[in-house]
Amino acid sequence: MVKAKIAVLVSGGGTNLQALIDAEKSGIIVSGEIMLVISNNENAYALTRAKNNNIATAYIPSKAPDFETQLIKILKDNDIDIIILAGFMKILSGDFTKTFENRIINVHPSLIPSFCGKGFYGLKVHEEALKYGVKVTGATVHFVNEIPDGGNIILQKAVYIEEGDTPEILQKRVMEQAEWKILPQAAELLSQKYIKE
Ligand code: GAR
């Protein structure tokens, strides 16, 4: 059996990348292997996490005019089967998502279709959830298509809002209770489809 080859795209701290790395080590992800971590931000701590775990890294500047061409080349050169967006803060074009149809997943820190789409990323999502006054939020892992946060949903997990929550406190609870659990689970589910005998 040849495991599915996974690339993880990151922009920031990389706690979701860490959850994926830990899940591979602990046997939650057995059908896929993280081969490559790519960032559009040279200073992303996620790149350090990858290096600490002997995973190959690449940096493509966000402003590179041929950003997606470079990205496609590196993914193809490495025979990548599955792309996981783990805190990747750049919207990918329809041309890109079609090239890897049903092979790209993203973790979003709310229960889609609430608090999602263009402009809803990172802490902003939790600020809006608290402002609206919802009592339950959570996280979603979904396929990525040409509509931001619009692809088919794979897994969701609910998280309760608590008295005194700030966006930062809520962000941490959503990560701990939902994102770090459902992202590795979804990675394993998708990897099973791309195992080569
Ligand atoms: C996570 O909460 C992730 O769901 C969110 O950014 C954070 C990245 O944290 N992603 C989005 O908002 C994408 N729309 P991390 O770098 O520690 O994984």
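Located above this text is the structure these notes cover.
In this report, we go over the structure that sits alongside the text. (Residues numbered from 1 in each chain as written. Predicted model: local features only at pLDDT ≥ 70, side-chain atom pairs only at ≥ 80, totals over all residues. Heavy atoms only, no water.)

## Focus on the layout of surface pockets
Looking at the largest pocket, its volume works out to about 730 Å³. Around the largest pocket, the lining comprises 38 residues; the ones closest to its centre are G87, F88, M89, N106 and Y121. When contributions to the lining of the largest pocket are tallied by element, the ones reaching two or more residues are α1 (15-26), β5 (104-108) and α6 (167-193). Along the lines of polarity and charge, the residues of the lining of the largest pocket split into 16 nonpolar, 17 polar and five charged. Empty space within the second largest pocket amounts to approximately 160 Å³. Residue lining of the second largest pocket: T97, K98, E101, N102, F143, V144, N145, E146, G151 and N152, and that is the complete set. Looking at the lining of the second largest pocket residue by residue, the classes come out as two nonpolar, five polar and three charged. (1 Å grid on protein atoms, 1.4 Å probe; cavity = no way out; pocket = protein on both sides within 12 Å on 5 of 7 lines; lining within 4 Å. Points joined across faces, edges and corners; volume = space filled by probe spheres on them. Helix = DSSP H or I, 4+ residues; strand = E, 2+ residues; numbered from the N terminus. Nonpolar A, V, L, I, M, F, W, Y, C, P; charged D, E, K, R; others polar.)

## Quick look at the site of the ligand
Lining the immediate environment of the ligand, one finds 15 residues, of which G14, T15, N16, G122 and E179 sit closest. Contact between the ligand and H108: a nitrogen atom at 3.4 Å from a side-chain N or O atom of the residue. Here E179 contributes a side-chain N or O atom positioned 2.6 Å from an oxygen atom of the ligand. When the ligand sits alone it has 450 Å² of accessible area, and the protein chains cover 92% of it. Mapped onto the shell around the ligand, the elements with two or more residues apiece are α1, β5 and α6. Residues belonging to the shell around the ligand are distributed by class as follows: six nonpolar, eight polar and one charged. (Near = heavy atom within 4 Å. Polar contact = N/O pair within 3.5 Å; in protein donor to acceptor, adjacent residues only side chain to side chain. Areas by Shrake-Rupley, 256 points an atom, 1.4 Å probe, with all protein chains shown as cover.)

## Considering the packing of aromatic side chains
Overall, the coordinates contain two aromatic pairs when judged by the stated rule. Look at F96 and F100: their rings are 5.2 Å apart centre to centre, the planes differ by 45°, and that puts the pair in the tilted class. Given the relative accessible area of 0%, F96 is considered buried. On the basis of an interplanar angle of 70° and a centroid distance of 6.1 Å, the ring pair of F115 and Y132 is categorised as edge-to-face. (Phe/Tyr/Trp six-rings, centres within 6.5 Å; stacked < 30°, edge-to-face > 60°. Buried < 20%, exposed > 50% of the residue type's maximum accessible area, 1.4 Å probe, protein only.)

## Looking at the pattern of salt bridges
Throughout the structure, instances matching the rule amount to eight salt bridges. Between R103 and D81 there is a salt bridge, and its shortest N-O distance comes to 4.0 Å. Residue R103 is found in the loop between α4 (94-99) and β5, and its partner D81 is found in the loop between α3 (67-77) and β4 (82-85); the two are separated by 22 residues along the sequence. For E128, the salt bridge goes to K124, with nearest N and O atoms at 3.2 Å. Taken together, the positions of E128 and K124, both in helix α5 (residues 123-132) and four residues apart, correspond to about one turn of that helix. With a relative accessible area of 17%, E128 lands in the buried category. Its relative accessible area of 36% is what places K124 among the partly exposed residues. When salt bridges that share partners are traced, they join D81, R103 and K196 into one network. (Salt bridge = Lys/Arg side-chain N within 4 Å of Asp/Glu carboxyl O.)

## Some points on unusual backbone geometry
In this structure, P113 follows I112 across a cis peptide bond, with omega equal to 15°. With respect to the helices, strands and loops of the structure, P113 is situated in the loop between β5 and α5. Phi at D79 takes a positive value of approximately 55°, unusual for a residue other than glycine. Here D79 is to be found in the loop between α3 and β4. Even without being a glycine, D149 presents a positive backbone phi close to 60°. Note on placement: D149 falls in the loop between β6 (136-143) and β7 (153-160).

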